[in-house]
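What follows is the residue order along each chain.
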Amino acid sequence: MQYWKKYSKEELAKKIDTSLKRNVDFSNDISLGYPASKLDGNVFYDNAPFLKDAPLLRAYVSNPNHIGCHTLGESEHAFSGTHELEKEVINVLAVDFFNCEPDNFDGYIATGGTEANIQAIWVYRNHYVNNENASFNEIAIVASEDTHYSIPKGANLLGLDHIIVPVDFETRLIQRKVLFDLIKTAKEQGKKHFIVISNMATTMFGSVDNPNLFVDVMEELNVDFKIHIDAAFGGFIYPFSKGREDIGLNNPHINSITIDAHKMLQAPYGTGVFICKKGLIQNVLTKEAQYVNGMDLTLCGSRSGANAMAVWMILFSYGPHKWFEKISVLLMRTKWFCDQLDNLNIDYYRNPHMNIVTMKSEDIPVKVEKKYDLVPETHDGNNKWYKVVIMDHVEVDHLEKLIEEIKSLKSN
Ligand SMILES: *Cc1c(COP(=O)(O)O)cnc(C)c1O
């Protein structure tokens, strides 16, 4: 671990304070040009006594704007203090989580996984257009049928075709021949450049695609491709449970990653992280963004600096070892739950490195779905799966209640 460490409460508070002091202080400084201020004083009291002991709430009230991308070129000086904390977050994720070479990446904290995924597709589409002279209809997105719906959303917005690769019903894995035939056909129909989305844990199953399968097939067919890893859900768990060397930016074909801090990391909503290797993000430069100091390279405009600080604070309050322990507890609970399902002969899918268990719906009475808020694969009346996600608040006691209920309904 090069950047990630654990700070004490005092160290965290001190670093936040130092960063805020280097930002414009709308309560005291003269700042005339920004369409911005601290949060409304009628509702958010900036001199409330409890703020003294709540560094993050102080950050929220001071309301820094992190507009733009701070790993490249200039940024708004008014918020340079807290931009540094965001850069530390990106360093930890790119280098310590995903094995990127230091300083060889750009990234920012987007509004969520949806924006980060669309940003990735946007970067690659423009890369092919700018550097390979491609037309939109020569470019296709490739992703498994279990891929998050932000990918078809991005395909629609960006005017690209989207090849959906079916997966095996039981293993949720892409079969090589199926992928090969789809890409071969697409190539015959004039597709030359592929934007591959490889999942580091799908939303419904927690299944993980093997990025090297895409590499293998694309190379055999001799087509141009770049891989984006959608680790929106799995990014804070899989690199620790499976090993960090497995899927990362050290792979020359993997060029970008999405990681949501507002899922496993339990940061506030509005904290999806986008990271890509150096040399790519310039493809989405919006030259018209002249009133912003620095280059506008992001899909969203203004965004919350306090959210970035929240991610920073969570990461550095754990450090790698405590985080590993937290993940291990969730995986132990998941294993307990799977053992009970095995005893009851209930079929389910689980990736052994993930905290999602997806049970076949034929074994689960509808009554149980409603009572325990299980999530079905589809709401269209054709559902075959229900999932349980073992998050921080899901304890063995809760899982046991579900098991007992299924047991008693089965024996009746
Ligand atoms: C949740 C999720 C997304 C989208 O994230 P939002 O933060 O809801 O926009 C994308 N991909 C995967 C795999 C997800 O689990």
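In what follows, the structure referred to is the one given above.
Residues numbered from 1 in each chain as written. Predicted model: local features only at pLDDT ≥ 70, side-chain atom pairs only at ≥ 80, totals over all residues. Heavy atoms only, no water.

*Asks:* Looking at this structure, how should I read the site of the ligand?
*Replies:* Neighbouring residues of the ligand: 14 residues in total, closest Thr 114, Asp 230, Asp 260, His 262 and Lys 263. Interatomic distance of 2.7 Å between a side-chain N/O atom of His 262 and an oxygen atom of the ligand. Across the complex, the protein chains shield 87% of the 380 Å² of accessible surface that the ligand would expose by itself. Ranked by the residues each element gives to the shell around the ligand, the list is headed by helix 4 (residues 113–132), at three residues. Here the shell around the ligand is composed, by residue class, of three nonpolar, eight polar and three charged. (Near = heavy atom within 4 Å. Polar contact = N/O pair within 3.5 Å; in protein donor to acceptor, adjacent residues only side chain to side chain. Areas by Shrake-Rupley, 256 points an atom, 1.4 Å probe, with all protein chains shown as cover. Helix = DSSP H or I, 4+ residues; strand = E, 2+ residues; numbered from the N terminus. Nonpolar A, V, L, I, M, F, W, Y, C, P; charged D, E, K, R; others polar.)

*Asks:* Would you take a moment to explain helix 9 (residues 305–343) for this structure?
*Replies:* Because the α-helix completes a turn every 3.6 residues, residues three or four places apart line up on one side. Spanning 39 residues, helix 9 covers only 48 Å between terminal C-alpha atoms, well under the ideal 57 Å at 1.5 Å per step. Along helix 9, the largest kink reaches about 90 degrees and is centred on Gly 319; proline Pro 320 follows within four residues of it. Where helix 9 starts, the residue carrying a side-chain oxygen 3.3 Å from the main-chain nitrogen of Ala 306 turns out to be Ser 304. Just downstream of helix 9, Asn 345 is the residue with a positive phi angle, here 60 degrees. (Expected span 1.5 Å × (residues − 1). Bend = angle between axes of the 7 residues up to and from the residue.)

*Asks:* Sorry, what's going on with the environment of Val 394 here?
*Replies:* Relative to the helices and strands, Val 394 is located in the loop between strand 11 (385–389) and helix 11 (396–411). Since its relative accessible area comes to 12%, Val 394 is described here as buried. Put simply, Val 394 and Asp 296 are 98 residues apart on the chain and 40 Å apart in space, counted from C-alpha to C-alpha. Dropping the residues within four chain positions of it, Val 394 is found in contact with Arg 333, Val 389 and Leu 399. (Buried < 20%, exposed > 50% of the residue type's maximum accessible area, 1.4 Å probe, protein only. Contact = heavy atoms within 4.5 Å.)

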